[in-house]
Amino acid sequence: MSEARKRVGVLISGRGSNMAALIEAARAADYPAEIALVISNRPDAAGLETAAKQGIATRVVDHKQFESRNDFEAELYEVLARARIDIVCLAGFMRVLTPSFVERWRGRMLNIHPSLLPALKGLNTHARALATGVKMHGCTVHFVVPELDSGPIILQEPVPVLEGDSEEKLAARVLAAEHRIYPAALRLVAEGKAGRG
Ligand code: GAR
């Protein structure tokens, strides 16, 4: 990749704490990427206000305003292309993207998932970790491929499950790790050190 800072688009659906961690990291002068745009598929996502307060451009592409998934994704692609986005970071973005959209961003789209993949793909990972009795849980940043929660892994951080953990306590411990590895993984990708996905 070239030496210019990569232009990153962050896709959110809600709180946006991982997005905030990326914005914070990208403030450093030596960080190889800038957060150029935050897009939410939900108009009420709290992360939109957080981003705007940080002076980051925001857009809503509300999936409910489109007749089909393809129309929604066509607009999403247009908005990203117009902003000259190099890398897309999914950060709590809760829409499944079609294979054709994913392929257009192959090697340039990252996701953060709250488990040590390939364990616990899908939703409710913290409750499932507690129910299965695993002692080690964690989080993963990976390249996005058409199959859900399955692309090449960029970084992971293990997080212990402690005696007496509730879902909330475990989620908070994992979230703190997410905020460490997402900026670190984006740095690797922006510097061309994470493989091609
Ligand atoms: C994070 O824990 C992220 O790993 C998870 O949603 C949360 C979003 O929080 N993502 C998924 O479950 C994706 N399937 P945030 O909006 O505060 O970053």
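So, here's what we can say about the structure.

About the thresholds
- Residues numbered from 1 in each chain as written.
- Predicted model: local features only at pLDDT ≥ 70, side-chain atom pairs only at ≥ 80, totals over all residues.
- Heavy atoms only, no water.
- Near = heavy atom within 4 Å.
- Polar contact = N/O pair within 3.5 Å; in protein donor to acceptor, adjacent residues only side chain to side chain.
- Areas by Shrake-Rupley, 256 points an atom, 1.4 Å probe, with all protein chains shown as cover.
- Salt bridge = Lys/Arg side-chain N within 4 Å of Asp/Glu carboxyl O.
- Buried < 20%, exposed > 50% of the residue type's maximum accessible area, 1.4 Å probe, protein only.

## Some words on the site of the ligand
Near the ligand you find Arg15, Gly16, Ser17, Asn18, Gly92, Met94, Ile112, His113, Pro114, Leu175 and Glu178, and these make up its full shell. Residue Arg15 places a side-chain N or O atom 2.6 Å away from an oxygen atom belonging to the ligand. The protein chains hide 86% of the 450 Å² of surface that the ligand would expose on its own.

## Some details on the pattern of salt bridges
Counting across every chain of the model gives 11 salt bridges. One salt bridge connects Asp44 with Arg42, and the closest N-O pair in it is separated by 3.1 Å. By relative accessible area, Asp44 is classed as exposed at 54%. The exposure class assigned to Arg42 is partly exposed, which follows from its relative accessible area of 38%. The partner of Lys193 in a salt bridge is Glu191, and the shortest N-O contact between them spans 3.2 Å.

That is the geometry; function is a separate question.
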